[in-house]
Each structure stands twice: as structure tokens, then as C-alpha cells.
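# A structural walkthrough
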Amino acid sequence: MPRLIQLIILRQIKALERDVFPDGKCIRKLKGLKGAFYRLRVGEYRAVFDVESDSVTIHRVINRKDLERVISTLK
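Along each chain, residue indices are assigned from 1 in the same order as the chain's sequence is written. Totals for whole chains, interfaces and linings use every residue, but because this is a predicted model, local features are given only for residues with pLDDT of at least 70 and side-chain atom pairs only at 80 or more, for both listing and counting. As a rule here, side-chain values come from all non-hydrogen atoms in the structure, and water together with hydrogens is ignored.

Our next topic: the overall build of the protein chain. Think of it this way: any DSSP run of H or I at least four residues long counts as a helix, any run of E at least two long counts as a strand, and we number them from the N terminus. Each helix and strand counted, the protein chain has 2 helices and 4 strands in total. In the protein chain, the succession of α and β elements from N to C terminus is α-β-β-β-β-α. The C-alpha radius of gyration computed for the protein chain amounts to 12 Å, which stays within 12% of the reference 11 Å derived for 75 residues, consistent with globular compactness. For the protein chain, the C-alpha atoms occupy an extent of roughly 35 × 30 × 20 Å along the three principal directions. Sorting the 75 residues of the protein chain into buried and exposed places 29% on the buried side. Pairs of residues are marked as contacts when any of their non-hydrogen atoms sit within 4.5 Å. Excluding contacts between residues fewer than 6 apart, the proportion of contacts in the protein chain whose partners are at least 24 apart in sequence is 29%. Here the protein chain has roughly 5,300 Å² of accessible surface; of this, 49% comes from carbon and sulfur atoms. Neither His nor the chain ends contribute to the count of charged residues, in which Lys and Arg are positive and Asp and Glu negative. By convention, the point assigned to a charge is CZ for Arg, NZ for Lys, CD for Glu and CG for Asp. Each charge class in the protein chain was averaged separately, 17 positive and 9 negative side chains, and the resulting centres sit 6 Å apart. Put simply, the radius of gyration uses C-alpha atoms, and a globule should come to 2.2 Å times the residue count raised to 0.38. Working definition: with a 1.4 Å probe on protein chains only, accessible area under 20% of the residue-type maximum means buried, over 50% means exposed, and in between means partly exposed. Each accessible area is a Shrake-Rupley estimate made with a 1.4 Å probe; only the visible protein chains count as cover when residues are assessed.

Here it is in C-alpha cells:
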């Protein structure tokens, strides 16, 4: 993953500390999974995370093309 994309993703993930659901445009709930998993869209990449009380756990940061494969491992 290019360094610039890494920095952008890191900035977006750190923004989750302030507000987990800032605008609803780039964060969506993943359907069909046990638990509440979400994806954060950053360009061609997705960060898969979950929220428990006041903590956010990032599970993966992947290319959008690989999202379906990762979702199948979380089921």
C-alpha cells in the first residue's frame, strides 16, 4: 500500500477516536455478520472494525476487492 494512502487511512482511523460515526457517508455497517462490524471507506481501501462500548477495534485494512473474502472469514 502506498505511503500516502497509509497516512490518510491512519488519519481517518484516528478520527474515529473523536466520533465513531462522523457523517455516515464513509462508514457502513456490514450485513450478515454476527456482531456489529463496520467498514470505513478510504479510497480503494477499507478498514473493517467493530465498536464495543467506548473502544474501536480495527480488524483489517484491505483493498476493496478483497472485502468479500475477509467478510467470509468473520462469519
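For the rest of this paragraph, the subject is the environment of Gln 6. Secondary-structure assignment places Gln 6 in helix H1 (residues 3-18). Sequence separation between Gln 6 and Gly 43 is 37 residues, and the spatial gap between their C-alpha atoms is 11 Å.

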